[in-house]
Amino acid sequence: MKKVIVSTKENLDYGTLIWIYANNRKVYRSSKSITTDMPFHHYDSHYMGMMEELYRNQEKHPLLFKQMIEESSRVFGICLNKRRNADGSRDMQVLFFPDWDSVQDFAEDTYPKLVKAEVKRRKEAKQKWLERGKLFSEKKRMSQ
C-alpha cells in the first residue's frame, strides 16, 4: 500500500475505486465506492486518461507508479481525501495496492473506520460552517 497525491479533472468521491492497467497505462474509475463483498468485475468502469496525466509531482511520481506497475498487471487505488486547486484541478490522496486481495483486505478492515472518521469530520465542518453563518447574520442584524 502506497499513499500518493494525484491530480484529476474529475471529481472523485471518498472511497472511489480507480485502477491502472500496466500494459497500456490507462486509468479507469468506478462510480461506486469500494465495498467488501463486491467482486472487481461488478464495478463499472469510466476511462479517466493516461497514467502520466495523474502526476502531481513530475519528478517523484513517475518512479513510484513505474515501480508499482512493474510488480503487477493492474494497480488499484482508493481515493481518500480531495482538495481543489486554483486552476480547477483536484488533488486526491489515493492509496494504491498491488492486487485485488489487498484492496479487499483494506475494505474489510481499515476502510469502515476511515469512513466513520470522514463522516464525523464532515459533520463537524458543517456544524462549524453553520455556527459561523449564524454569527455573521447576528452581527449583520446588530449593525442595522
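The structure under discussion appears in the preceding block.
From a predicted model like this one, the values you see are computed outputs, not experimental measurements.

Chemist: Explain the side chain of Arg-29 to me, please; I cannot follow it from the model alone.
Modeler: Along the chain, Arg-29 turns up in strand E3 (residues 26-33). With relative accessibility at 19%, the residue Arg-29 sits in the buried group. Discounting residues that sit within four places of it in the chain, Arg-29 has contacts with Glu-10, Leu-12, Thr-16, Leu-17, Ile-18, Trp-19, Asp-44, Ser-45, His-46 and Met-48.

Chemist: Could you clarify how one ought to interpret the packing of helix H2 (residues 100-109) against helix H3 (residues 111-143) in this entry?
Modeler: When two helices pack together, their arrangement is given by the angle between the helix axes and the distance between those axes. Interaxial distance between H2 and H3 falls to 4 Å at its minimum, and their mutual angle equals 50 degrees. With respect to H3, the element H2 is oriented oblique. Residues Phe-106, Ala-107, Glu-108 and Asp-109 of H2 pack against Tyr-111, Pro-112, Lys-113 and Leu-114 of H3. In terms of residue class, the contact of H2 with H3 is built from five nonpolar, no polar and three charged.

Chemist: Whenever I open this one, the pairing of E3 confuses me. Can you help?
Modeler: Every other side chain in a regular strand lies on the same face of the sheet, so the side chains alternate between the two faces. Direction of pairing for strand E2 (residues 16-21) relative to E3: antiparallel, over a ladder of four bridges. From the neighbouring strand, Trp-19 faces E3, where its bridge partner is Tyr-28. In this structure, the hairpin formed by E2 and E3 is closed by a connection of four residues, where Arg-25 is found at a positive phi of approximately 60 degrees. Pairing analysis gives four bridges linking E3 to strand E4 (residues 46-50), with the strands arranged antiparallel. Bridge pairing in E4 places Arg-29 opposite His-46.

Rules used throughout
Residues numbered from 1 in each chain as written. Predicted model: local features only at pLDDT ≥ 70, side-chain atom pairs only at ≥ 80, totals over all residues. Heavy atoms only, no water. Helix = DSSP H or I, 4+ residues; strand = E, 2+ residues; numbered from the N terminus. Buried < 20%, exposed > 50% of the residue type's maximum accessible area, 1.4 Å probe, protein only. Contact = heavy atoms within 4.5 Å. Axes fitted to C-alpha atoms, helices over the stretch in contact; angles between N-to-C directions. Parallel < 35°, antiparallel > 145°, perpendicular 65-115°, else oblique. Nonpolar A, V, L, I, M, F, W, Y, C, P; charged D, E, K, R; others polar. Pairing = 2+ DSSP bridges.

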